[in-house]
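# Survey of secondary and tertiary structure
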Amino acid sequence: MKLSPKTCLAIIGICVLASSCKRESIATLNEVSPAALQKIKAQGFSTDNVRKVNNGYLVEGDIVLTEENLNAQSTSPNLLIASDEQYRTTNLVKALPRTITVSVSGTLTGIAVWSNATDALIARYNALALQVKFTRVASGGNVDIIGFDQGPSGGYITLGSSGFPTSTGDPFNQIKMNTNVQAYGTNPNQGYITSVLQHEMGHCIGFRHTDYFNRALSCGGSKSNERAGTIGAVLIPGTPSGFDAESFMLACSAGTDRTFNPNDIIALNYLY
Ligand SMILES: [Zn+2]
């Protein structure tokens, strides 16, 4: 009996998935200590599917929390947008006004769609005339965008990841974008990639997920309430109540080019 190429691929896919799932769960059990999970929870993040990565812990699918993040006391305000939506910042970028340089390197170097999406990311932020501006550099940017290749795991695929600003007020210095074919397909859409870069850059300058209090709103599944109750909240008046389905900082992508909505722009202007 012969296997069609398609069947072969499917079987290989299942095998790879099965072994990576297994490795993942072992890694989670062995490498994330109860003390670390406690700190992650205390910072107001979900402890579901936490993964150890080389520079910290990956939480909520795409946020790298460094040891510094876990041990930090936040002095920044919560932003309460409408009645349901919050962006809790940990640290913010300081020394404003400021220009943040952005580079593309590693396996993404010289590939048009990644380069063009990076330019579009910069243009979208700069169009808001914030106190943080972005500019492209050939290499060694304050934020360096690099690729990684990782298939789906635990029922989802990570499109990209990044982290929060340092305690000294510098943006997180790296955005990782998934080059796996199951992330963006064989012919990645520039607008879609731009929107994911906008989201990851949002983390780099201090944004949390809009729906961190209930990831089910954008990710589906069951409700997981991660509201951090101890830090003050600042109400932004004039924003509509209820779930905002189109925020650029929702935890999960709808697979579309989701740019800043009016509430996002209010929050960006408030912070910067
Ligand atoms: Zn995110």
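What counts and what doesn't
- Residues numbered from 1 in each chain as written.
- Predicted model: local features only at pLDDT ≥ 70, side-chain atom pairs only at ≥ 80, totals over all residues.
- Heavy atoms only, no water.
- Axes fitted to C-alpha atoms, helices over the stretch in contact; angles between N-to-C directions.
- Helix = DSSP H or I, 4+ residues; strand = E, 2+ residues; numbered from the N terminus.
- Parallel < 35°, antiparallel > 145°, perpendicular 65-115°, else oblique.
- Left-handed = near helix turned anticlockwise from the far one by under 90°.
- Contact = heavy atoms within 4.5 Å.
- Core = buried A, V, L, I, M, F, W, Y, C linked by side-chain atoms within 4.5 Å.
- Buried < 20%, exposed > 50% of the residue type's maximum accessible area, 1.4 Å probe, protein only.
- Expected span 1.5 Å × (residues − 1).
- Polar contact = N/O pair within 3.5 Å; in protein donor to acceptor, adjacent residues only side chain to side chain.
- Donors = N, O, S within 2.8 Å, 3.2 Å for Na, K, Ca; no water.
- pLDDT = per-residue confidence, 0-100.

### Focus on the packing of helix α4 (residues 112-126) against helix α6 (residues 190-204)
Contact geometry for α4 and α6: axes closest at 8 Å, N-to-C directions at 55°. The orientation of α4 with respect to α6, classified from their angle, is oblique. Considering how the two elements wind past one another, α4 and α6 form a crossing that is right-handed. Seen from α4, the contacting residues are Val-113, Trp-114, Asn-116, Ala-117, Thr-118, Ala-120, Leu-121, Arg-124 and Tyr-125; seen from α6, they are Gln-190, Gly-191, Ile-193, Thr-194, Ser-195, Leu-197, Gln-198, Met-201 and Gly-202.

### Section: the environment of Met-249
Here Met-249 lies in the loop between β11 (233-236) and α8 (262-271). Along the chain, Met-249 and His-203 lie 46 residues apart, while their C-alpha atoms are 8.4 Å from each other.

### As for the nonpolar core
Among the nonpolar cores identified, the biggest contains 41 residues, and Tyr-125 and Met-177 are the most heavily contacted of them. Listing elements by their share of this core, those giving two or more residues are β6 (98-104), α4, β7 (132-136), β8 (143-148), β10 (174-178), α5 (181-184), α6 and α8. In this structure, Val-32, Ile-40, Val-59 and Phe-164 belong to the second largest nonpolar core, which totals 11 residues.

### Comments concerning unusual backbone geometry
Omega for the bond connecting Leu-96 with Pro-97 falls within 30 degrees of zero, at -10°, which places this linkage in the cis form. Relative to the elements of secondary structure, Pro-97 occurs in the loop between β5 (85-88) and β6. The phi dihedral of Asn-49 is positive, around 55°, even though this residue is not glycine. Topologically, Asn-49 is positioned in the loop between α2 (34-42) and β1 (51-53).

### Section: α6
Between its first and last C-alpha, α6 extends 21 Å over 15 residues, near the 21 Å set by a 1.5 Å rise per residue. Taking burial as the measure, the 15 residues of α6 include 14 buried ones, the bulk of the element. Between the side-chain oxygen of the N-cap and the backbone nitrogen of Gly-191 there are 2.9 Å, and the N-cap of α6 in question is Asn-189. A positive phi of about 115° marks Gly-206, the residue just after α6.

### Digging into the coordination of the zinc ion
The coordination sphere of the zinc ion contains the protein donors Asp-62 (OD), Asp-62 (OD), His-199 (NE2), His-203 (NE2) and His-209 (NE2), at a distance range of 2.0 to 2.4 Å. In the primary structure, the donors to the zinc ion are separated according to the pattern D-x136-H-x3-H-x5-H. Note that Asp-62 is positioned in the loop between β2 (56-59) and β3 (63-65) and His-203 in helix α6, a separation of 141 residues in sequence. Each member of the pair Asp-62 and His-203 is classed as buried.

### Examining the confidence of the model for the protein
Per-chain confidence: the protein averages 78 in pLDDT, with 72% of residues scoring 70 or above. Between residues 1-30, whose pLDDT stays under 50, and residues either more than four places distant or in other chains, the model counts 10 contacts.

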